[in-house]
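One letter stands for each residue in the lines below.
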Amino acid sequence: MTAAIRVRDLSKRFGARLAVDALSLDVPRGRIMGFLGPNGSGKTTTLRMLCGLLTPDGGGGSCLGYDLRTQAARIKRHIGYMTQKFSLYEDLTIQENLEFIARVHGLGGVRMLVSETLARLGLQDRRRQLAGQLSGGWKQRLALAACTLHRPQVLLLDEPTAGVDPAARRDFWDEIHALAAEGMTVLVSTHYMDEAERCHVLAYIAYGKLLAAGSAQEIIDRAGLTLYSVHAADPADGGALGALAAQLRGCPGVDVIAPFGNALHVGGVDARALDGALSPVFDDARFRWAASSASLEDAFIHLMARARAAGTAAGAPS
Amino acid sequence: MSILASLHRWYALIIKELIQMRRDRMTFSMMLSVPLMQLALFGFAVNSDPKNLPAAVIDADRGPFGRAFTSALEVSGYFDIVARDSNEREAGALMASGAVQFVITIPEGFSRDVMRGDRPALLVEADATDPAATSNALGNLGLLAATALDRDLSGPLASLRQGPPPFELVVHKRYNEEGNTQFNVVPGLIGVVLSSTMVVMTAMAMTRERERGTLENILVTPIRPFEMMMGKISPYILIGLVQTVIILLASAFLFDVPFQGNLALLFACCMLFICANLAIGFIFSTIARTQLQAMQMASTFLLPSILLSGFMFPFRGMPGWAQALGEALPLTHFLRIVRGIILKGSTLADVAFDVGMLVAILLAIGFLSLRLYRRTLD
Ligand SMILES: Nc1ncnc2c1ncn2[C@@H]1O[C@H](COP(=O)(O)OP(=O)(O)OP(=O)(O)O)[C@@H](O)[C@H]1O
Ligand SMILES: [Mg+2]
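Predicted model only: the values in this text are computed from it and were never measured.

In this section: the overall build of chain A. Check the secondary structure of chain A and you find eleven helices and 14 strands. Projected onto its principal axes, the C-alpha coordinates of chain A cover approximately 70 × 45 × 35 Å. A burial count over chain A gives 51% of its 318 residues as buried. Excluding contacts between residues fewer than 6 apart, the proportion of contacts in chain A whose partners are at least 24 apart in sequence is 68%. For chain A, the exposed area adds up to about 14000 Å²; of that, 51% sits on carbon and sulfur atoms. Placing the 34 positive and 32 negative side-chain charges of chain A at their respective mean positions leaves the two points 8 Å apart.

Here the focus is the overall build of chain B. Scanning chain B from terminus to terminus reveals 14 helices and five strands. A total accessible area of about 17000 Å² is found for chain B, and carbon and sulfur atoms account for 64% of it.

With 27 residues of chain A at the contact, the number on the chain B side is 26 residues. Together chain A and chain B conceal approximately 2400 Å² of surface at their shared face, both sides included; 58% is due to carbon and sulfur atoms. Scanning the region where chain A abuts chain B turns up 13 residue pairs in polar contact (both at pLDDT 80 or more). At the level of secondary structure, the elements contributing two or more residues to the side of chain A that touches chain B comprise helix H2 (72–78) and helix H3 (94–104) of chain A. Looking at which element gives the most residues to the side of chain A that touches chain B, the answer is H3(A), with five residues. In terms of residue class, the side of chain A that touches chain B is built from twelve nonpolar, seven polar and eight charged.

All names here are of chain B. A surface patch of nonpolar side chains, amounting to about 320 Å² of accessible area, comprises Ile 3, Leu 4 and Leu 7. Looking at the element boundaries, Leu 7 is found in helix H1 (residues 2–23). Judged by relative accessible area, which is 42%, Leu 7 ranks as partly exposed.

Turning our eyes to something else, we now look at the packing of aromatic side chains. Taken as a whole and judged by the stated rule, the model has nine aromatic pairs over all chains. An angle of 80° between the planes, with centres 5.7 Å apart, marks the rings of A:Tyr89 and A:Phe100 as edge-to-face. Placement of A:Tyr89 in the loop between strand E6 (79–82) and H3 and of A:Phe100 in helix H3 is noted, with a sequence separation of eleven residues between them. By the burial criterion, A:Tyr89 is buried, and A:Phe100 matches it. Judged by centre distance (5.0 Å) and plane angle (70°), the ring pair of B:Phe79 and B:Phe102 falls under edge-to-face. Taken together, the residues B:Phe79 in strand E2 (residues 79–83) and B:Phe102 in strand E3 (residues 102–106) connect sequence positions 23 residues apart. Across the pair, B:Phe102 and B:Phe79 agree in class, each one buried. For the cation-ring pair, A:Arg141 lies above A:Trp138, with the distance from its terminal atom to the ring centre recorded as 3.9 Å.

Between its terminal C-alpha atoms helix H3 (residues 64–76) of chain B stretches 18 Å, which fits the 18 Å expected from 13 residues at 1.5 Å a residue. Of the residues trailing H3(B), B:Gly77 is marked for its positive phi of about 90°.

This paragraph deals with the sheet that holds strand E4 (residues 58–63) of chain A. Residue and element names in this part refer to chain A. Taken together, the four strands give an open sheet; going across it, the order is E2-E1-E4-E5, and neighbouring strands pair in antiparallel fashion. In this open sheet, the two edge strands, each paired with only one partner strand, are strand E2 (17–28) and strand E5 (66–67). For strand E1 (residues 3–14) and E2, the ladder comprises eight bridges, and the chain directions are antiparallel. Within E2, the residue paired with Ile 5 across the bridge is Val 27. Together, E1 and E2 form the strand contacts of helix H1 (residues 43–50), whose direction differs from that of E1 by roughly 120°.

Of the protein atoms, only A:Thr44 (OG1) and A:Gln84 (OE1) coordinate the magnesium ion (ligand 2), at distances of 1.8 to 2.1 Å. Of this pair, A:Thr44 sits in helix H1 while A:Gln84 sits in the loop between E6 and H3; the two residues are 40 residues apart in sequence, bridging distant segments of the chain.

Feature annotation in UniProt assigns "domain: ABC transporter" (unreviewed entry) to the following positions: residues 5–232 of chain A. Across residues 5–232 of chain A, helical content stands at 35% and strand content at 30%; the span's end C-alpha atoms are separated by 48 Å.

This part covers the side chain of A:His302. You can see A:His302 is positioned in helix H11 (residues 296–313). Beyond its immediate stretch of four places on either side in the chain, A:His302 contacts A:Ala223, A:Leu225, A:Asp255, A:Val256 and A:Val269.

Moving on, we come to the site of ligand 1. All names here are of chain A. Residues in contact with ligand 1 amount to 14 residues; listed here are only the nearest, Arg 17, Gly 40, Lys 43, Thr 44 and Thr 45. Between ligand 1 and Gly 40, the relevant distance is 2.8 Å, taken from an oxygen atom to a main-chain nitrogen or oxygen of the residue. The protein chains hide 66% of the 630 Å² of surface that ligand 1 would expose on its own. Among the elements of the structure, E2 and H1 are those that each provide at least two residues to the shell around ligand 1. For the shell around ligand 1, the element with the most residues is H1, which contributes three residues. Of the residues belonging to the shell around ligand 1, the class tally is three nonpolar, eight polar and three charged.

Let's shift gears to the pattern of salt bridges. All names here are of chain B. A full pass over the atoms with the stated rule returns 28 salt bridges over all chains. Glu 209 serves as the salt-bridge partner of Lys 232, at 2.8 Å between the closest nitrogen and oxygen. Residue Lys 232 is located in helix H9 (residues 225–253), and its partner Glu 209 is located in helix H7 (residues 182–212); the two are separated by 23 residues in the primary sequence. On the basis of relative accessibility, which here comes to 3%, the residue Glu 209 falls in the buried class. What you see here is one network of salt bridges that share partners, running through Lys 16, Glu 17, Glu 209 and Lys 232.

A separate point is the sheet that holds strand E14 (residues 287–292) of chain A. All names here are of chain A. If you trace the four strands from one edge of the open sheet to the other, you get E12-E13-E11-E14, paired in antiparallel fashion. Every interior strand has two partners, whereas the edge strands, strand E12 (256–260) and E14, have only one. Strand-to-strand twist in this sheet, taken as the mean axis angle between neighbours without regard to direction, amounts to 25°. As judged from the five bridges shared by strand E11 (residues 226–232) and strand E13 (residues 263–268), these two strands associate in the antiparallel manner. Pairing of Leu 227 across the sheet is with Gly 267, part of E13. Strands in contact with helix H10 (residues 271–282) are E11, E13 and E14; relative to E11, the strand with the most contacts, it is inclined by about 15°.

Another point: the UniProt feature "transmembrane region" (unreviewed entry) in chain B. All names here are of chain B. Mapped onto the present numbering, the UniProt feature "transmembrane region" (unreviewed entry) falls at residues 185–206, 233–255, 261–285, 297–315 and 351–373. End C-alpha to end C-alpha, residues 233–255 measures 31 Å, and it is 91% helix and 0% strand. In the segment residues 261–285, helix accounts for 92% and strand for 0%; the C-alpha atoms at its two ends are 36 Å apart.

Moving on to the pairing of E11(A). All names here are of chain A. Most of E11 is tucked away: five of the seven residues are buried. Judged from the six bridges that link them, E11 and E14 form a sheet pairing that is antiparallel. Residue pairing in the sheet places Leu 227 in a bridge with Ser 292 of E14.

Within the secondary structure, B:Gly356 sits in helix H14 (residues 352–372). Separated by 23 residues in sequence, B:Gly356 and B:His333 have C-alpha atoms that sit 9.2 Å apart.

Scoring rules and cut-offs
Residues numbered from 1 in each chain as written. Chains lettered and ligands numbered in written order. Predicted model: local features only at pLDDT ≥ 70, side-chain atom pairs only at ≥ 80, totals over all residues. Heavy atoms only, no water. Helix = DSSP H or I, 4+ residues; strand = E, 2+ residues; numbered from the N terminus. Buried < 20%, exposed > 50% of the residue type's maximum accessible area, 1.4 Å probe, protein only. Contact = heavy atoms within 4.5 Å. Areas by Shrake-Rupley, 256 points an atom, 1.4 Å probe, with all protein chains shown as cover. Lys, Arg positive; Asp, Glu negative; His and termini not counted. Charge placed at Lys NZ, Arg CZ, Asp CG, Glu CD. Buried area = accessible area lost by both parts, 1.4 Å probe. Polar contact = N/O pair within 3.5 Å; in protein donor to acceptor, adjacent residues only side chain to side chain. Nonpolar A, V, L, I, M, F, W, Y, C, P; charged D, E, K, R; others polar. Patch = residues over 30% accessible without salt bridge, like charges linked within 9 Å, V, L, I, M, F, W, Y side chains within 5 Å. Salt bridge = Lys/Arg side-chain N within 4 Å of Asp/Glu carboxyl O. Phe/Tyr/Trp six-rings, centres within 6.5 Å; stacked < 30°, edge-to-face > 60°. Lys NZ or Arg CZ within 6 Å of the ring centre and 35° of its normal. Expected span 1.5 Å × (residues − 1). Pairing = 2+ DSSP bridges. Axes fitted to C-alpha atoms, helices over the stretch in contact; angles between N-to-C directions. Donors = N, O, S within 2.8 Å, 3.2 Å for Na, K, Ca; no water. UniProt positions renumbered as here; feature names shortened; annotations may be inferred. Near = heavy atom within 4 Å.

In structure tokens, the structure reads:
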């Protein structure tokens, strides 16, 4: 399988801050890649470099076979980019916005195309409404429609479903999958775990560094976490788990402590060290312990904690 | 094919800009009312008729006609004789210090020469530093000269009332030989109004997109810098021409500016000037990071334009460095063109140099702004 996007050692610096640090990534053609990472980890910066909005300070790569540095104009014609912040004109109506985008891309039959798009979005009777007056969810849908109007081969979506209700999010993902089925390559950043699981492949980035890439299962497996799920024996004893978490935090061998509904997830890479650390509380009558399998979220939290520890050890600013 | 696509994108931008312009009622009405406001401010301020201007009289004649003329000056209301029996040295000092704006010299033997019908010369020196202040008074002098002595020319001298005035009025302008009049100002206003609205409007063009975040979307479309510039500039050319019409109508009907030249030539030159200003505004908006910065750049540009172009102060009265700076400003050349066409009926050949300068400025700025246009968000 060929890669639609292939970058090597991509770096971007803002002043003293290294926002993206030697990132290498392949996005396979026709697939949906989820792009995850904590706030400020460099997702938006990476996407902007991919579509030529920012010039990389180091490294390079290609998008659809065009060079990122020298053929930005070509790339722009074949990609759709949905910005994190709404970037259509708030003082233009929905219809006017779509018409503008269609004309700018030199698409034929603008009227027709726009009215079809409006029908598909279910926005026909609101087409004269100013885009700025739309609710957050509708703005996102409009933005997606606008950036796919010219049928791009690669779609870069920056947190397209932030602030969108669950039903609309489901529609959104159905649409994204439909586009991928037509052969579009999608790179989509998100903070939602359920959305991550809808992607074919994932990339996880923290502090500007790519920490993991692969399918969800691969990432979980590679994290190699042994995990326990702890419940309080007495469901009314709300403070017990909190106290346990405080007690275990920082113990050698315990790499992950994360509340998970009524349970607490406790895990570690080194199973023996973890069991050693937990032995004093294993027999505590207040808790019920059960072996569990790590979730994607556990894996990410672990990856991030490890990256932070490595960064601190190396003396890098966090 | 590629040109067609380019025209397509240009068209898309123009439509978008026009819609946005129409929705932004405030700005839109400003664009149309600013010319009227400035016209009222500058035009009427200039047109106001300053009276009681201090004057010194050197009366070497001491005859009846000299005295009659002096009192006629006072009665006209334009002149306030502060030094009645002055001499050359004192009057010169008064003029230099600004204590008087006029020195009127009645030569020896004035009355005798008038009676003989010799039409003696009567010298009026005017401090024309502020031409607007003295122009009306000077205009009135001519009238005075014709009628001041009428009452004294009676009996056998009555025949002198007919024909040319009984004496010759020699007006000598000091400090500002060019001597702008109000007619100089009102046509100049076309330039000032166009400059101030056009530069400010386009200075916001790119920064607004940047601040609202819409630039991020624009930059990933196939729109090229030149198309962007043309798309941003074109709608305002229209606005500029509307403003030109408003001011021209006002100058003709409100201020009675005599119209000499070719209207088509005037509009063509206005168009050129509008484009030059739009390009300057556009260059500011590509350099500035925020709308506030763009506004500051625009006003930093406009102030010298108004001060050094010959609009406020006579161009030839300025020191060399200021003139050199002024030559680089489009308004300087446009003022010469527009005054030439409106007041002197200049032809294209007459204003060729200044038109050439405008073209050069336009090309240089246009080229530079395309070089400075940022294709990325860096
Ligand atoms: N234009 C800029 N100038 C200076 N610093 C910037 C700029 N853009 C981003 N940064 C910094 O670069 C780092 C990465 O930012 P980026 O927006 O790429 O993160 P992100 O992963 O998209 O975060 P989020 O999930 O919050 O959207 C942050 O520390 C941010 O402050
Ligand atoms: Mg982001």
